[in-house]
Amino acid sequence: MPETDLSLLIRAAEQAGDIACRYSGPEAQKWEKPGGAGPVTEADLAVNEMLSEVLLKARPDYGWLSEESEDTETRLDHDRLFIIDPIDGTRSFAEGSRTWAHSLAIAEDGEITAAVIYLPQRDLMYCAARGQGATRNGAKIRVSTQADLNMANVLAARPVQDPKHWQNGQVPGFNRSHRPSLAYRMARVADAGYDAMLTLRPSWEWDIAAGDLILREAGGCCSDRFGGELRYNNPHPTLNGVIAAPPRLHDQLIIALDPQSPGLRPL
C-alpha cells in the first residue's frame, strides 16, 4: 500500500528528531540571518537538508517552502507543496531548552491536508490529516471547553496585552503565558493544555501551517487576526497574525480585538 502523506510526514519528523538531538544546542554553530531575521544553527540546516531529500524524493511533484531554503516562485506552480520549519523555536534550541519543534505540513490548493508537530525532547508527536481528527502520541485530542475569555489561559507574547490592540482599550482578564515555538503553542491549544493562542504580528506560513490543521481537526477555530481564513502558498509566505481557540472563545477574541489596531512589528 502506498505511504500516505501523513505517514510520510511522521517518518520524516522522527528522522528530523534523530538528527537535531545529536547536537547540543548551546554548542551548535549559530549564525544571525540577514535583516534581523533571527538565528539559524547547524542543526536547522542539517535537518532541512534531510527533509528536502526525503520528502521530495517521496513526492517529486510537490512544491517546497521551508524557512531554511531559498524561496523561489516555482512553488506557486504546484497544487501541492510541503511547508516546513526544520526547527521552530531555534532560539530556544540554541539556549539548550527542550521546547522546540519540527513543524511539517502539506498544503493542497491553499489548504493544509496533513500535518505533524514533533517535539523530540519532550516525546510529543501531534498529527492530523484532513477530516480524520487530531492526535497526540496516537491518542485523540480535543480543544478545551472554556467559554469565558476572562477565565481563559491564553498563550501570547507580552505586547498583546497593550490596550491599543483592544476595543476601547479594554484588555480582557485572561491569564497569559508564553512558549517560544508558535507551532507548539497551537498544539497546546489543540490538546486543551491552554484555551487559546494569538499573535498579532505577521506570521510565516511555516510557523503555523501544521498547527492550523491540528487545531482545527481537534475542534478549534484558526484564523488571521481579523477572523479571515488562513490560506497557504502565498507569493509572500506570510499571514496576518493568528487567532486559535475553541469556537466560542475565538468569537470573543475577534469581538474584543480592535480591528484598527496597528498590530505589531512586521517580520
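Identification of the protein as Inositol-1-monophosphatase SuhB from Phaeobacter inhibens is taken from an unreviewed UniProt entry. Its UniProt record, at the heading Sequence similarities (unreviewed entry), says of the protein: "Belongs to the inositol monophosphatase superfamily."

**What about the side chain of Thr135?**
Structurally, Thr135 is set in strand 8 (residues 134–136). Since its relative accessible area comes to 17%, Thr135 is described here as buried. Apart from the residues within four sequence positions on either side, Thr135 is in contact with Met125, Tyr126, Cys127, Lys140 and Ile141.

**Comments concerning the layout of surface pockets**
Approximately 150 Å³ is the volume attributed to the second largest pocket. For the lining of the second largest pocket, the class distribution of residues is four nonpolar, three polar and four charged.

**Points about the sheet that holds strand 3 (residues 63–66)**
Pairing within the open sheet is mixed, and its seven strands lie in the order 3-4-5-6-7-8-9. If you trace the sheet from one side to the other, it starts and ends with strand 3 and strand 9 (139–140), each paired once. Strands strand 4 (80–88), strand 5 (101–108), strand 6 (111–119) and strand 7 (124–129) of the sheet are contacted by helix 1 (residues 5–20), whose axis makes an angle of about 30° with strand 6. Of the strands in this sheet, strand 3, strand 4, strand 5, strand 6, strand 7 and strand 8 are in contact with helix 5 (residues 205–217), which crosses strand 6 at around 100°.

**Let's talk about the pattern of salt bridges**
All told, the structure shown has ten salt bridges when counted by the stated rule. Across the salt bridge formed by Arg130 and Glu111, the nearest N and O atoms sit 3.6 Å from each other. One end of the pair, Arg130, is in the loop between strand 7 and strand 8; the other, Glu111, is in strand 6, with 19 residues separating them in the sequence. On the basis of relative accessibility, which here comes to 40%, the residue Arg130 falls in the partly exposed class.

Each value, and the rule that gives it
- Residues numbered from 1 in each chain as written.
- Predicted model: local features only at pLDDT ≥ 70, side-chain atom pairs only at ≥ 80, totals over all residues.
- Heavy atoms only, no water.
- UniProt positions renumbered as here; feature names shortened; annotations may be inferred.
- Helix = DSSP H or I, 4+ residues; strand = E, 2+ residues; numbered from the N terminus.
- Buried < 20%, exposed > 50% of the residue type's maximum accessible area, 1.4 Å probe, protein only.
- Contact = heavy atoms within 4.5 Å.
- 1 Å grid on protein atoms, 1.4 Å probe; cavity = no way out; pocket = protein on both sides within 12 Å on 5 of 7 lines; lining within 4 Å.
- Points joined across faces, edges and corners; volume = space filled by probe spheres on them.
- Nonpolar A, V, L, I, M, F, W, Y, C, P; charged D, E, K, R; others polar.
- Pairing = 2+ DSSP bridges.
- Axes fitted to C-alpha atoms, helices over the stretch in contact; angles between N-to-C directions.
- Salt bridge = Lys/Arg side-chain N within 4 Å of Asp/Glu carboxyl O.

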